[in-house]
Amino acid sequence: MARLVRKSPSLCTDLPLDNDDISTKLNLLRKLLTSCFGPTGKLKQVHNNVGGHVVTTSTSSVLLPAVSSSQPFVNLIKTSILNHVSRFSDCGLFAAALCLALTERAKQSGLGGNVAIGLNQHLLSLCVGYLQRDDCGCKVKLDFCSSQNLMTLARSVISSKPACVLTEQETLHLSRLAVQAFLLTVPCDSPGTVTLGRTVTVPVEGHSVLNSAVFPGLLVDITDAIYPIKAGTLNSNLLCTVLFSASLAGDLSELGDGIIEVHDGADPDSQILDQLLEIGKQVVKDEVKLFLCQKVIHPVLQQYLRSQGIIVIERLGMSLMEPLIQMTGAQPVAALHTTLPVKAYGKVRELTLRQFGSKTMLQLHPPGESAICTMVLCHRNETMLSELKVVCLKTEHVLRLTLREPSALLGGGCTETHLAAYIRHKSMSKAAETALELGCSQTEYHLGTEVFCRSLESVAAALEHNGGNSLIDLTHAHHWILPADVMREYGEESFGFCGCGLVESSPSKRWTYLNTNYTEFSPESLCGNATQQPRVLDSFVAKLNALQVAVETANLALDVRYIIQDVN
Amino acid sequence: MLGSTVINHQQHVGLQKLAALAGVTHSYLGPDKNLKFIQDDTSGGSALVCSCFRVLENLELTCAVGQLVYETVQAHQKVYNTGSGCLLFLAGAWSRAVLECLQRGISVSHIISAMSEGMDICLDVFRKYSISTDGLGVVQSESWTETSHGFGLQLSKKPIKAVSQAMDHLQGTGNAGHKPPNTGGQRKIKLSRHFCEAKSRNVSAASQPKPLNVAHIAEGLTHGCVSAMKLVVEINQIQSKNHRNISCSAFDIIKVVTCVLPGLPEDQSCVLPGCIVLLSAEQALVAHDLQEQHLKVALINGDLSDSFCHLGFRRPAGMQHVKSKMPLSSSKEEEWMVTVLALLLKLEVNLILISGLANQKMIQRCCRHRILVVERVKASVLKAFADDSGGVPVTYVTQLNKQCVGTQAKILIWRDLGSTGTEFSTAVNISSGANSGLATVILTSCVHGKLQALEDQFWSCAYRLHHALIDKSVLPGGGVIEMLCIHHLQKQAGQCTEGAANPYRGVVLCLMADGLIDYITTVMFNTGRLSKVKARTLVSQQLQDFNGHVGTAAKFSQLFLDSGTEDTAFISTVKPVRAPPMTIYDNVSVKQEAWRKALDLVFLVLQTDAEIITGIDQRTDGAKENLMLL
């Protein structure tokens, strides 16, 4: 009999942004995420309250899933940022910092919700329009004839995560590997639609980062294999390969929870084993030399196959299946039918044994031109290795995004300050008409612009965590950092280069602190005539999307009137 | 309820925690160690611990920094089995150095860049002063006496192959053919798309291996564990006897097994060739019968039982048997035993080695048919038997066939343990023919609680030798390498130019060197012959002397032996004065990794500003201090 429990009434929060609790929490989230931002960002130790494994990270894709709030409003923003990260990998912290700054500042400015939303939307379209222009001052065209820009892009991503604890030399080595792996995954000579290949990452703990390497083909871990693969068997050329995705363990586990009735005398286990051995016999007849299985292979079948001179590898795992299919051309066999179609077989050119410390790996070489490669990542300890793995996946993604749009944005905060200066200049020139168009007063228009620009600049300033000051130069509107502990006497000459490394300081340059008012000016572009190469680059596609996500999420946050919570 | 909590680290609590945790290890540094008791007040249980790793294992570390420390030390211990104390001590010492830097207002990025540079300097010192094991300690040749005089400084002139290879490796050029690095051209882009593929490095083995004086190297690596190292040397002798034709330096740590026997005095610890297993009285009888015979051996990688399934096999839950006739008297288990026994008898197997467990009834039945079943055999032993006897390990006993069964295995009763009350009565030596290289270390102690410590000590000695032979080089030990690092750090700190990129480089390097001084003085203090102050004075005196005469025959003496010259009378009573002073060595890779991991720990903690705790219950934990709820 059902028991009736009285339902508690729903909880309704009016104007959530005015709620003290919520605004404190949003402020906390902003501080938490912006403090992670950039190459000198602070790390966070994530663990559960009973003292489990500790994750040390400053990457949004690791951090955000761990942060969950009791407050749905906070989760709303979190989810929106996570969606961006899952699609573009990069610029998650940028999006979060901008979104939360924009929300907070818009609220503080006292602008009406609708006005602020309209203005943000307008300014966002100004930004997007400018960024997509060919003469955009903070955009760099990527040149695929040289690897330099790609290397810079990779280096910027890798060096932005201090939890990897990399030296300059190690960062360089990894950027080189990342670009190498990326280039290997672009197929050379396939006409028609081009399908990018894959990079499979294999982490190896306890080794120097400089031992990391990229190999064409796939590396399979056979450290735990009880039966050593003898070097003699590796020499034969072009091995016929079969790939099973079904478990060959000989069990009935895939039947689920149902009840099976078995007549006495019938032994299902041995019957399945017979079936498995039938497969073995056919495979031997078809002269298969390499037998791969995603899951477990019954020891008896293994013994039989080995006795026939076949190399058997089991427990490949889900993640290797796609690349294996792509590389060998084999079709994964998902059932235990005895007749294997001939077209299911694939090819592997040859096998090489490789040793990485305690790990023994078998390298499967692709039969022909193939866009599959394996990146072996080494690092001294697990914490740094797991962060490194995330970062390398991110780098791969960022490099791939360059194929969609061969551009990059200046890093080091220069894009943000440049954009802010551009918006200030642009909005000033046609203030009256635009304000009319948007249906707000000119004062509101100026206020809204200021909120937007300040928010952008605050993201640039968030790159500095050691008490230094952020400045902007008054010609190119790039971002400069004056470290806190630089001796006074060096003064402004000690600037060296701007955040992205494109502009060098000179006596004729003028700077102003980021949070001060300056007379608006049209920032000059110098990408065309510069002899300097930028040292820090951000992904264009990822950042553009992050900008849109940030503003749209902030607009949504400003638009929420009620939160209704079902607390049952 | 899920929640996230942020703890603010004002004044860097994390680093303070790290320094405090490191305090635990002080008494484990150096050759003279003190044991510690850890007592659990609630359960009344206690543990006797003798190494940093075991302390951490026995502590309940709930804070994030503690967890991080434990994970790091565990990872180090897994690979090296030694050096964890050094790791944690330096992590503590350097976190104190960093705290000092923070107090002086030095920014995090400056601290990190200077300290990484300091680590590079130290690793450079390691490279420069590492001693090749080739020909090391060869009986009193002239070069030896020379080396012992001008320790370190003269050594650097020798071209040390292993080191140069290591450096090649580090630079990523990998040109074993000694090409100038710039012609290697491996990093250049050949095509727009492909990078030059890294050639598989074939590091040619040294053309003519010089004889290695393993005993001498082992003696230098003893680090106070004299009896444990003696056992290690004995293993080496046993193994090299078997491998005489290959190389006398063979030390195959995989083929070493330990066997602990409580209740016997410690001086009965010994090393035996082959694999010693403990057997029950019933099994011992079978072993008696099988002595002095060539046995057929079956190797099973799993359990010997009818209910055993291979890993990954799942029995469906809802299996129902429909019985059509009355059940026969014999059960399924009985049927299985009959078949297996018939198979074993057909194959004439006398000995079964199992990595897992065996059905008790099956063991008894095998005993009746004079088949000896040995359980819980280490995977490496199974492998050694497979290699030597020609057997093939199988998962199920039913898989056995003629090709899988090995031959020429032997059983020898080693000794009767005589104890009636315990499970085991006899220790039996099983071996796979003449030259298996398998060796068992018998560790004995009257105090049961000490066995763990003895086993740990043995393994750390074994791994020290193992790594020295792999590295093919060692470092001058006894504090010499630390002193050299301190000297180089201080020298570099003095050379700081004004207006350099990092104005605090000098200060940070000096503080880093102080951490190392702290390390040496603690080790000296642990010997019990010196006070902390005296030790520090000695160290600074030596450093000053060294600075005074750079380039001359100045050298660092090994501090732990020569310290306290005033107390010679005391020392001479404790340790007989030898004609040539015993040289102490340290491991290159172990020390290098321990130092780097220590610094990595410090960097990770230094850069962390918040702890995020998930799964907080807001009603109960929310009231805690310092917590901010999200």
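Quick caveat, the model's predicted, so the values are computed rather than measured.

Quick notes on the overall build of chain B
And step 1. For chain B, the helix and strand inventory stands at 22 helices and 18 strands.
And step 2. Counting the 630 residues in chain B, one finds 51% classified as buried.
And step 3. The contacts in chain B between residues at least 6 apart in sequence include a share of 76% that link residues at least 24 apart.

Notes on the side chain of Glu482 of chain B
Residue and element names in this part refer to chain B.
And step 1. In this structure, Glu482 sits in helix H16 (residues 480–494).
And step 2. At 2.3 Å, the side chain of Glu482 and the side chain of Lys591 are in polar contact.
And step 3. Every residue in contact with Glu482, bar those within four places of it in the chain, is listed here: Tyr519, Ile520, Asp586, Lys591 and Trp595.

Let's talk about the interface of chain B and chain A
And step 1. On the chain A side, the residues contacting the 76 residues of chain B number 77 residues.
And step 2. Buried area between chain B and chain A, both sides added, is near 6900 Å², and the carbon and sulfur share of it is 55%.
And step 3. Summed over the shared surface of chain B and chain A, the number is three salt bridges.
And step 4. Across the salt bridge formed by Glu170 of chain A and Arg596 of chain B, the nearest N and O atoms sit 3.8 Å from each other.

Observations concerning empty space enclosed by the protein
It is a probe the size of a water molecule, rolled over the atoms, that shows where empty space is left.
Residue and element names in this part refer to chain A.
And step 1. For the coordinates displayed, the defined rule picks out six cavities of 30 Å³ or more.
And step 2. Counted as a void, the largest cavity has a volume near 70 Å³.
And step 3. As for the largest cavity, its lining consists of Ala178, Ala181, Phe182, Thr199, Thr201, Met375, Cys392, Leu393 and Glu396.
And step 4. Mapped by element, the contributors of at least two residues to the lining of the largest cavity are helix H7 (168–184), strand S5 (198–205) and helix H11 (382–404).
And step 5. By residue class, the composition of the lining of the largest cavity is six nonpolar, two polar and one charged.

Concerning the nonpolar core
And step 1. One finds Leu131 and Leu547 of chain A to be the most contacted residues of the largest nonpolar core, which totals 117 residues.
And step 2. At 11 residues, helix H15 (residues 540–559) of chain A tops the list of elements feeding residues into this core.
And step 3. Apart from residues no more than four positions distant in its own chain, Leu131 of chain A is found in contact with Cys136, Cys138, Lys139, Leu409, Leu419, Phe540, Leu544 and Leu547 of chain A.
And step 4. Tyr70, Ile112, Cys485 and Leu489 of chain B belong to the second largest nonpolar core, which has 80 residues in total.

Considering the pairing of strand S8 (residues 295–300) of chain B
All names here are of chain B.
And step 1. Counting buried residues along S8, five of its six residues qualify, which places the element largely inside the surrounding structure.
And step 2. Strand direction decides the pairing type here: S8 and strand S12 (residues 406–416), joined by two bridges, are antiparallel. The residue of S12 that forms the bridge with Val297 is Gly406.
And step 3. Bridge count between S8 and strand S10 (residues 351–354): four bridges; the pairing is parallel. When the sheet's bridge partners are listed, Ile300 is paired in S10 with Ile354.

Brief notes about the domain arrangement of chain A
Interfaces are frequently sized by the accessible area removed from exposure as the parts join.
Residue and element names in this part refer to chain A.
And step 1. On domain assignment, one finds that chain A holds domain 1 (11–138 + 410–565), domain 2 (143–215 + 380–405) and domain 3 (218–257 + 264–369).
And step 2. Taken together, the contact pairs 12 residues of domain 2 with 13 residues of domain 3.
And step 3. Summed over both sides, the interface of domain 2 with domain 3 buries roughly 1000 Å², with 68% coming from carbon and sulfur.
And step 4. Remark: the boundary between domain 2 and domain 3 carries zero salt bridges.
And step 5. Summed over the shared surface of domain 2 and domain 3, the result is one residue pair in polar contact (both at pLDDT 80 or more).
And step 6. For the side of domain 2 that touches domain 3, the residue count by class is seven nonpolar, three polar and two charged.

A look at the packing of helix H12 (residues 332–347) of chain B against helix H13 (residues 360–368) of chain B
All names here are of chain B.
And step 1. One can describe the packing of H12 onto H13 by two numbers: an axis separation of 11 Å at closest approach and a directional angle of 35°. The two elements H12 and H13 meet at a crossing, and its hand is right-handed. Contacts from Glu333, Glu334, Trp336, Met337, Val338, Val340, Leu341 and Leu344 of H12 reach H13 at Lys361, Met362, Arg365 and Cys366.
And step 2. A per-class count over the contact of H12 with H13 returns eight nonpolar, no polar and four charged.

Some points on the packing of aromatic side chains
Residues and elements named next belong to chain B.
And step 1. For the structure on display, the rule yields 11 aromatic pairs over all chains.
And step 2. Ring centres of Phe89 and Tyr519 lie 5.7 Å apart, and the angle between their planes is 65°; on these two criteria the pair is classed as edge-to-face. Of this pair, Phe89 sits in helix H4 (residues 84–103) while Tyr519 sits in helix H17 (residues 505–526); the two residues are 430 residues apart in sequence, bridging distant segments of the chain.
And step 3. Given the relative accessible area of 1%, Phe89 is considered buried.

About the thresholds
Residues numbered from 1 in each chain as written. Chains lettered and ligands numbered in written order. Predicted model: local features only at pLDDT ≥ 70, side-chain atom pairs only at ≥ 80, totals over all residues. Heavy atoms only, no water. Helix = DSSP H or I, 4+ residues; strand = E, 2+ residues; numbered from the N terminus. Buried < 20%, exposed > 50% of the residue type's maximum accessible area, 1.4 Å probe, protein only. Contact = heavy atoms within 4.5 Å. Polar contact = N/O pair within 3.5 Å; in protein donor to acceptor, adjacent residues only side chain to side chain. Buried area = accessible area lost by both parts, 1.4 Å probe. Salt bridge = Lys/Arg side-chain N within 4 Å of Asp/Glu carboxyl O. 1 Å grid on protein atoms, 1.4 Å probe; cavity = no way out; pocket = protein on both sides within 12 Å on 5 of 7 lines; lining within 4 Å. Points joined across faces, edges and corners; volume = space filled by probe spheres on them. Nonpolar A, V, L, I, M, F, W, Y, C, P; charged D, E, K, R; others polar. Core = buried A, V, L, I, M, F, W, Y, C linked by side-chain atoms within 4.5 Å. Pairing = 2+ DSSP bridges. Domains from an automatic or database assignment. Axes fitted to C-alpha atoms, helices over the stretch in contact; angles between N-to-C directions. Left-handed = near helix turned anticlockwise from the far one by under 90°. Phe/Tyr/Trp six-rings, centres within 6.5 Å; stacked < 30°, edge-to-face > 60°.

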